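Commentary on secondary and tertiary structure
Here is how the chains run, residue by residue.
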Amino acid sequence: GAVVSQHPSWVICKSGTSVKIECRSLDFQATTMFWYRQFPKQSLMLMATSNEGSKATYEQGVEKDKFLINHASLTLSTLTVTSAHPEDSSFYICSLGQGNQPQHFGDGTRLSIL
Amino acid sequence: AQSVTQLGSHVSVSEGALVLLRCNYSSSVPPYLFWYVQYPNQGLQLLLKYTTGATLVKGINGFEAEFKKSETSFHLTKPSAHMSDAAEYFCAVSDLSTNAGKSTFGDGTTLTVKP
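These lines cover the structure that appears in this document, whether it is placed above or below.

**Here we look at the sheet that holds strand 7 (residues 67-73) of chain A**
Residues and elements named next belong to chain A. With antiparallel pairing, the four strands of this open sheet are ordered in space as 1-3-8-7. The sheet is open, and its two borders are formed by strand 1 (4-7) and strand 7, each paired with just one other strand. Shown here is a sheet whose adjacent strand axes are inclined to one another by a mean of 15°, direction ignored.

Quick look at the structure:
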């Protein structure tokens, strides 16, 4: 069964609105979760590492004020795209990190900003 | 630092033919290597992994990969392609010195299977 639940799977909204994406760990305590963005026909680009109880670590070039990450519990990490614009339209994927084990991925969220 | 290069962004094979997807890596420490498959509008699913031990690893759906340190390669193979194998495939590398579970992904290879 699924290890990671990501919600919503599809979002369409107007430019300027904020969108929250949830990533839940169903079977494991998730001290570390990863957030990726994937443009069509491209690979996954790591945006940030979400750490339970502390601030997220953002990759170079990712605006922390634009992409707010909250990881307040061992089962939930959220990514909020603030004041979204059309260029933020993408496929966002979260994953659960477990040391040197392969990651468990959510099913992704397709974000379309009109 | 680590990196992954997947040679060939598109691979097309006939149903029943051999599948070979190439992956070369660069890592300053012994790598952990993974192959993932992604179907449209879905997340990634693990096919197989190499950590330590046997260099030929078998995964799900009949896929296998061989870790060759001398060639810094981890190519993915399947003896006989099936239509359901058509998808995007990603090779990834991680090492213990990075943030827990953090991986670097290749650019992906789109596999097309012709009837």
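**Topic: the packing of aromatic side chains**
Going through the model one piece at a time under the given rule, you end up with 11 aromatic pairs over all chains. Considering the side-chain rings of A:Y36 and A:F105, the 6.0 Å spacing of their centres and the 40° angle between planes classify their relative orientation as tilted. Linking A:Y36 in strand 4 (residues 32-38) with A:F105 in strand 10 (residues 101-105), this pair joins segments that are 69 residues apart in sequence. Accessibility classification places A:Y36 together with A:F105 in one group, the buried group. Seen from their ring centres, A:F105 and B:F105 are 6.0 Å apart, and the 70° between their planes marks the pair as edge-to-face. Of this pair, A:F105 sits in strand 10 while B:F105 sits in strand 11 (residues 104-105), each in a different chain. As far as burial versus exposure is concerned, A:F105 and B:F105 are alike and both buried. One aromatic cluster is present, formed by A:F34, A:Y36, A:F105, B:F34, B:Y36 and B:F105 through successive ring pairs.

Conventions and cut-offs
- Residues numbered from 1 in each chain as written.
- Chains lettered and ligands numbered in written order.
- Predicted model: local features only at pLDDT ≥ 70, side-chain atom pairs only at ≥ 80, totals over all residues.
- Heavy atoms only, no water.
- Pairing = 2+ DSSP bridges.
- Helix = DSSP H or I, 4+ residues; strand = E, 2+ residues; numbered from the N terminus.
- Axes fitted to C-alpha atoms, helices over the stretch in contact; angles between N-to-C directions.
- Phe/Tyr/Trp six-rings, centres within 6.5 Å; stacked < 30°, edge-to-face > 60°.
- Buried < 20%, exposed > 50% of the residue type's maximum accessible area, 1.4 Å probe, protein only.

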